[in-house]
Structures are given as C-alpha cells and as structure tokens.
Amino acid sequence: MTNTSNLPVEALELEYPLTLMRYELVDGSGGAGQYRGGMGIRRTYRADHACHVRVDGARILSAPWGLAGGQPGGLASITSTATLNHGSAMLRPGDLIEVVTAGSGGYGPAAQRDPAALARDQAESR
C-alpha cells in the first residue's frame with residue numbers, strides 16, 4: 001500500500017506471501033469541521049510464509065491539519081507482532097502487521113456543520 005494506492009486484495013495476495021485479514025475505514029479519524037475530513041484506512045496483514053517487510057509511514061507524529069477552523073485528522077500508525085527495526089522486520093508465518101493511514105483534517109468550524117449532517121454523524125457512530 002503506497003500513498004493513495006489501493007492495491008486490490010486479490011492482486012496483493014497473488015503477489016506477496018500475505019493474507020489481508022482486515023481492511024476498513026477508521027471511525028473517528030476524519031477531523032471535525034463544517035465539512036468532515038476523510039477517514040483513514042486500516043489494513044491488517046498476516047504473513048503466510050517467512051518474508052521481509054519494509055514499512056515507512058507519514059503522519060505518525062503529526063496529524064494532518066484542518067483548514068479554515070477545521071480540526072486535525074487522526075494519526076497514522078504501524079504495529080506488528082514482529083519487532084520492527086527502523087521500519088523493517090522479518091515476518092514468520094502467522095505474524096501480523098497493521099498499517100493505519102491518517103485521516104484528513106476537517107474544513108471550516110465544526111459549529112457550522114449542517115444539523116442534518118451532524119445528526120447523521122451521531123447516528124453512524126452508534
């Protein structure tokens with residue numbers, strides 16, 4: 001997975017010794033605002049064979065900013081059951097690695113969000 005690339009699961013699993021266990025949007029990762037920021041993506045991979053992995057990430061320490069009074073988006077993260085050393089690891093069969101991309105910042109003050117959109121936000125978060 002690179003930047004905005006959305007490699008299909010089937011292509012990934014044919015090309016690499018990995019199984020994608022989880023692929024979802026991250027609730028609450030988009031920044032609040034008159035217009036909410038986009039949500040980040042969580043992908044959890046399981047190694048099916050021993051393999052080397054290299055992972056780089058951005059927005060792990062600093063959140064994407066909001067604009068015109070919007071709030072920042074959620075942070076990115078990389079976690080693994082294997083020990084990552086400067087983003088590299090040797091995975092054994094069964095090891096997991098999870099990559100969460102950052103959510104984007106919101107636009108405009110959250111107090112100006114349309115009441116119908118706010119009601120929908122609250123209903124979807126239950």
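Let me begin by describing the structure that accompanies this report. Quantities reported herein were computed from a predicted structural model and do not represent experimental measurements. (Residues numbered from 1 in each chain as written. Predicted model: local features only at pLDDT ≥ 70, side-chain atom pairs only at ≥ 80, totals over all residues. Heavy atoms only, no water.)

1. Observations regarding the environment of Leu84
Rule in force here: To qualify as a helix, a DSSP run of H or I must reach at least 4 residues; to qualify as a strand, a run of E must reach at least 2; elements of each kind are numbered from the N terminus. Burial status follows relative accessibility: with a 1.4 Å probe on protein chains alone, a residue under 20% of its type maximum counts as buried, one over 50% as exposed, and anything between as partly exposed. Should any heavy atoms of two residues lie within 4.5 Å, those residues are considered in contact.
Along the chain, Leu84 turns up in the loop between β4 (77-80) and β5 (88-91). Note on Leu84: relative accessible area 30%, which makes it partly exposed. Note: C-alpha distance between Leu84 and Gly106 (22 residues apart in sequence) is 32 Å. Excluding residues within four positions of it along the chain, Leu84 makes contact with Ile78, Ala89 and Ile97.

2. Description of the packing of aromatic side chains
A ring pair, where both rings are aromatic, is described by two values, the distance of the centres and the angle of the planes. This is how it is decided: Pairing of aromatic side chains here covers Phe, Tyr and the six-membered ring of Trp, requires ring centres within 6.5 Å, and sorts the geometry by plane angle: under 30 degrees stacked, over 60 edge-to-face, intermediate tilted. Think of it as a cone above the ring: NZ of Lys or CZ of Arg counts as a charge over the ring if it is within 6 Å of the ring centre and within 35 degrees of the ring normal.
With the rule as written, the count across this model stands at one aromatic pair. Centroid distance Tyr35 to Tyr107: 6.4 Å. Interplanar angle 35 degrees. Geometry classified as tilted. You can see Tyr35 sitting in the loop between β1 (18-25) and β2 (41-47) and its partner Tyr107 sitting in the loop between β6 (96-100) and α2 (115-124), a full 72 residues away along the chain. Residue class for Tyr107 comes out partly exposed when judged on its relative accessible area of 45%. If you follow Arg43 out to its NZ or CZ, it ends over the ring of Tyr23, 4.3 Å from the centre.

3. Overview of the sheet that holds β2
Paired through backbone hydrogen bonds, the strands of a sheet run either parallel or antiparallel to each other. The condition is simple: The pairing criterion for strands is at least two bridges between them, as found by DSSP. Between N-to-C directions, angles span 0 to 180 degrees; the directions come from axes that are lines fitted to C-alpha atoms, helices contributing only their stretch in contact.
Taken in spatial order, the four strands make up an open sheet running β1-β2-β6-β4, and their pairing is antiparallel. In this open sheet, the two strands that pair with only one neighbour each are β1 and β4. On average, adjacent strands in this sheet sit at an angle of 10 degrees to one another, irrespective of strand direction. For β1 and β2, the ladder comprises seven bridges, and the chain directions are antiparallel. When the sheet's bridge partners are listed, Thr19 is paired in β2 with Arg46.

4. Focus: the pairing of strand β3 (residues 51-54)
On β3, burial follows the alternation: Cys51 and Val53 on one face are buried, whereas His52 and Arg54 on the facing-out side are not. Looking at chain direction, β3 and β5 are connected through four bridges and run antiparallel. Opposite His52, over in β5, you have Met90 as the bridge partner.

5. Quick notes on the pattern of salt bridges
A side chain of one charge can pair with a side chain of the opposite charge when the charged atoms of the two come close. To be explicit about the condition: Within this document, salt bridges are pairs made up of a side-chain nitrogen of Lys or Arg and a carboxyl oxygen of Asp or Glu, the two lying within 4 Å of each other.
In the structure shown here, the tally under the stated rule is eight salt bridges. With its nearest N and O atoms 4.0 Å apart, the salt bridge here joins Arg92 to Asp95. On the basis of relative accessibility, which here comes to 56%, the residue Arg92 falls in the exposed class. A single salt-bridge network, built from bridges that share partners, covers Arg22, Glu24, Arg42 and Glu98.

6. What about the side chain of Arg43?
Threshold: Lys and Arg are tallied as positive, Asp and Glu as negative. Neither His nor the chain termini are counted. Distance and chemistry together define a polar contact, namely a pair of N or O atoms within 3.5 Å, with one atom able to donate a hydrogen and the other to accept it when in protein, and with adjacent residues in sequence counting only for side-chain atoms on both sides.
Relative to the assigned elements, Arg43 resides in strand β2. No salt bridge is formed by the buried Arg43. Its closest oppositely charged neighbour is Glu13, at 8.0 Å. In this structure the side chain of Arg43 is engaged in a polar contact, spanning 3.3 Å, whose partner is the backbone oxygen of Leu7. Of the polar contacts made by the side chain of Arg43, one reaches the side chain of Tyr45; its length is 3.2 Å.

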